[in-house]
Amino acid sequence: MNHDEALDDLYPAHLKEWAARFEAALEATGFDSAVILAGSEQAIFRDDNTYPFVAEPYFKAWVPLSHHPDSAIHFVPGQRPRLIYFQHTGFWHAPPEPPAGTWLEYFELECIDKLAAHTAALGTLTGRVAAIGPPHDELGGAMIWNDATLLAALDFRRAYKTSYEIACMAEANAIAARGHVAARQAYENDASEFMIHQAYCDATAQRETELPYLNIVALNEHAAVLHYQHLAHTQPRTPSSFLIDAGASCNGYASDVTRTYSRDSSAMQALIDSVDALQQEICSRVEAGLDFVALNETAHALLAEVLHTHGLIRCTAEEAQARGITRTFLPHGLGHLLGLQVHDAGGHMAGADGSRREPPLAHPMLRLTRTLEPGFVVTIEPGLYFIPSLLEALRASEHTDAIDWREVDALSRFGGIRIEDDVLVTESGPRNLSRPALERACV
Ligand code: GLY
Ligand code: MN
Ligand code: MN
């Protein structure tokens, strides 16, 4: 656990809230208790190595343990939750440290060193038992794995962050901010993508397996790849633009932050400034009661104005939006829920009963279709990209005359722009978790 007294103070209420959520969801679905498994390390096919371990999100909701394969929680409503803490005794890998932290006071602790001991540690399971997590052969028995109705109820509630979760995500933003400052310095010193990534990890003190997602470190036209996954070792001949989408973790909770920079081009810098202003405008509109689908439309309306102001389109902004031209330049959604996962569960839910609200046909990539409520943490991440395949389709379409191709082609070598902050919805308006952290890290 990130040892912070403020987080320690917030944890009991967080645990109480999650226990209440589980109790209500179990009762509604006719279960008597739940076993929540962290998950196991997964062997690579015909290899004795394993894939990086990623803990089951609902395990992390209960305990600040992200790297503890084969541990589990057993929760019976009305009783203290049990933590079954797995510490292997093998000598190839270090076992997890003995559990420590004030949060432990709230659990019955049972340490085990053999997988087979799970069954004994769980005791005699009575009634209907819900198991959550990757199904585990040796724990089959009477458990019902990942009941869809139960998970829907939990996924829906998960959007409402506890004060502890908000504090963890604010801290995850503070950590990421240190990385962003170091990455920008490395870029300005002509570092390669790989070196920039190293500078980021160094400054955050998080290795790749601790980061909530693989860093997106994109110089020049690589920024046109939305989730660019490589880290080039060589510097481009003219490093002109730089997009970094990189977060950090705190007690299993994520931050997700993107910035874009440019050098040697006033036209590109002006475009970045406009997207940044657009992003801040959208952030300022985040409030309880707002339909995120409508906010996504607003982002496209503002993007159309940016395209017009910078001379990238020959038609009016209204026409560009109505004709769907903005979707070529911004093919992904405005943002998503954030928390235990980067793209947190429940973004398309319409109710705790599992009903759904699908994204509009025009915006199939939109990951959030809910009406914002206090406690939601969402990303606001508009972009403006020059994606060759999409531009070619636009060039061949009936809309080609609406584009100033000379301007678009001249900017294409910069790849694209994305500006992303994490924003908390409160009763009294938006609270940006990313910008203040970045400002603090810059001084
Ligand atoms: N980092 C992935 C995203 O922004 O959604
Ligand atoms: Mn994001
Ligand atoms: Mn991101």
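Residues numbered from 1 in each chain as written. Chains lettered and ligands numbered in written order. Predicted model: local features only at pLDDT ≥ 70, side-chain atom pairs only at ≥ 80, totals over all residues. Heavy atoms only, no water.

Chemist: Outline the overall build of the protein chain, listing residues and values.
Modeler: The helix and strand tally for the protein chain stands at 13 helices and 16 strands. The C-alpha radius of gyration computed for the protein chain amounts to 23 Å, which stays within 12% of the reference 22 Å derived for 443 residues, consistent with globular compactness. Here the protein chain holds 443 residues, and 54% of them are scored as buried. Accessible surface computed for the protein chain: about 19500 Å², of which carbon and sulfur atoms make up 52%. Each charge sign in the protein chain was given a centre, from 32 positive and 59 negative side chains, and these centres are 3 Å apart. (Helix = DSSP H or I, 4+ residues; strand = E, 2+ residues; numbered from the N terminus. Rg over C-alpha atoms; globule rule 2.2 N^0.38 Å. Buried < 20%, exposed > 50% of the residue type's maximum accessible area, 1.4 Å probe, protein only. Areas by Shrake-Rupley, 256 points an atom, 1.4 Å probe, with all protein chains shown as cover. Lys, Arg positive; Asp, Glu negative; His and termini not counted. Charge placed at Lys NZ, Arg CZ, Asp CG, Glu CD.)

Chemist: Go over the coordination of the manganese ion (ligand 2) with me, naming the residues and quoting the values.
Modeler: At the metal site, the manganese ion (ligand 2) is ligated by D256 (OD), H336 (NE2), E381 (OE) and E420 (OE), and these contacts range over 2.0 to 2.2 Å. Its six donor atoms give the manganese ion (ligand 2) angles of 50 to 157 degrees at the centre, a pattern that matches the irregular case. Along the chain, the residues that donate to the manganese ion (ligand 2) are spaced as D-x79-H-x44-E-x38-E. Separating the manganese ion (ligand 2) from the manganese ion (ligand 3) is a distance of 3.3 Å, and D256 supplies a donor atom to each of them. Of the two residues, E381 sits in the loop between strand 12 (377–380) and strand 13 (383–385) while E420 sits in the loop between strand 14 (416–418) and strand 15 (421–426), which places them 39 residues apart along the sequence. (Donors = N, O, S within 2.8 Å, 3.2 Å for Na, K, Ca; no water. Tetrahedral: all angles 85-135°; square planar, octahedral: opposite > 155°, others 65-115°.)

Chemist: Mind laying out the environment of W103, listing which residues take part and the relevant values?
Modeler: Structurally, W103 is set in the loop between strand 3 (82–86) and strand 4 (108–112). Under the relative-accessibility criterion, W103 is labelled buried at 1%. It is 28 Å that separates the C-alpha atoms of W103 and T29, two residues lying 74 residues apart in sequence.

Chemist: Talk me through the nonpolar core; I want residue IDs and the actual numbers.
Modeler: Core analysis: the biggest nonpolar cluster contains 61 residues, and F329 and I380 have the highest contact counts within it. The dominant element in this core, judged by the number of residues it contributes, is helix 8 (residues 292–309), at nine residues. Apart from residues lying up to four places away in sequence, I380 is in contact with Q279, I282, C283, V286, F292, L295, L334, I419, E420, D421 and V423. Core analysis: the second largest hydrophobic core is formed by 48 residues, F75, I166, Y253 and L340 among them. (Core = buried A, V, L, I, M, F, W, Y, C linked by side-chain atoms within 4.5 Å. Contact = heavy atoms within 4.5 Å.)

Chemist: Provide a residue-level description of the site of ligand 1, including the pertinent values.
Modeler: Neighbouring residues of ligand 1: Y213, H227, D245, D256, H336, H343, E381 and E420. Contacts to ligand 1 include H343, whose side-chain N or O atom sits 2.7 Å from an oxygen atom. In the complex, 95% of the free accessible area of ligand 1, which totals 200 Å², lies under the protein chains. Split by residue class, the shell around ligand 1 holds one nonpolar, three polar and four charged. (Near = heavy atom within 4 Å. Polar contact = N/O pair within 3.5 Å; in protein donor to acceptor, adjacent residues only side chain to side chain. Nonpolar A, V, L, I, M, F, W, Y, C, P; charged D, E, K, R; others polar.)

Chemist: Could you give an account of the coordination of the manganese ion (ligand 3), naming the residues involved and the relevant values?
Modeler: Binding of the manganese ion (ligand 3) to the protein goes through D245 (OD), D245 (OD), D256 (OD) and E420 (OE), at separations of 2.1 to 2.3 Å. With six donor atoms in place around the manganese ion (ligand 3) and angles of 58 to 170 degrees between them, the coordination shape is irregular. Within one chain, the residues serving as donors to the manganese ion (ligand 3) are arranged as D-x10-D-x163-E.

Chemist: I'd like a rundown of the pairing of strand 7 (residues 216–219), residues and numbers included.
Modeler: Both faces of strand 7 are covered, namely the face carrying I216 and A218 and the face carrying V217 and L219. Examined bridge by bridge, strand 7 and strand 8 (residues 241–246) share four bridges and lie antiparallel to one another. The partner of L219 across the bridge, within strand 8, is F242. (Pairing = 2+ DSSP bridges.)

Chemist: Requested: an account of helix 4 (residues 148–157), with residues and values cited.
Modeler: The element helix 4 is largely enclosed, with a buried count of seven among its ten residues. Here helix 4 has its buried residues at L150, L151, A152, A153, L154, D155 and F156. The inward-facing, buried residues of helix 4 abut helix 1 (5–28), helix 2 (57–62) and strand 5 (129–132).

Chemist: If you had to explain the sheet that holds strand 12 to someone new, which residues and values would you point to?
Modeler: What the three strands build is an open sheet, ordered 12-15-16; its pairing is antiparallel. In this open sheet, the two edge strands, each paired with only one partner strand, are strand 12 and strand 16 (429–432). Each adjacent strand pair in this sheet contributes to an overall mean axis angle of 40 degrees, direction not counted. Summarising the sheet, strand 12 and strand 15 pair through four bridges and their orientation is antiparallel. Each bridged residue has a counterpart across the sheet, and for V378 the counterpart in strand 15 is V423. (Axes fitted to C-alpha atoms, helices over the stretch in contact; angles between N-to-C directions.)

Chemist: Explain the packing of aromatic side chains to me, and be specific about the residues and the numbers.
Modeler: In this description, a pair of aromatic rings is defined by centroid distance and the angle of the planes. Applying the stated criterion to the full structure yields 17 aromatic pairs. Among the aromatic residues, ring-to-ring pairing joins W18, F22, Y58, W62 and F75 into one connected group. Geometry around Y58 places R158 over its ring, the cationic atom sitting 4.9 Å from the centre. The aromatic ring of Y187 is capped on one face by R263, whose charged end is 5.1 Å from the ring centroid. (Phe/Tyr/Trp six-rings, centres within 6.5 Å; stacked < 30°, edge-to-face > 60°. Lys NZ or Arg CZ within 6 Å of the ring centre and 35° of its normal.)

Chemist: Residues and numbers for the pattern of salt bridges, please.
Modeler: For the structure on display, the rule yields 21 salt bridges. Where E319 meets R323, a salt bridge forms, and the shortest distance between an N and an O atom there is 2.9 Å. On the basis of relative accessibility, which here comes to 36%, the residue E319 falls in the partly exposed class. Three or more residues joined by partner-sharing salt bridges are found here, namely D155, R158, K161 and D344. (Salt bridge = Lys/Arg side-chain N within 4 Å of Asp/Glu carboxyl O.)

Chemist: I'd like to hear about the sheet that holds strand 5, residue by residue, with values.
Modeler: In spatial order, the strands read 4-3-2-1-5-6; together these six strands make up an open sheet with mixed pairing. The open sheet has two edge strands with one neighbour each: strand 4 and strand 6 (143–145). The mean angle between the axes of side-by-side strands here comes to 20 degrees, regardless of whether they run parallel or antiparallel. As paired elements, strand 5 and strand 6 share three bridges and run parallel to each other. Residue pairing for strand 6: V129 is matched across the bridge by M143.

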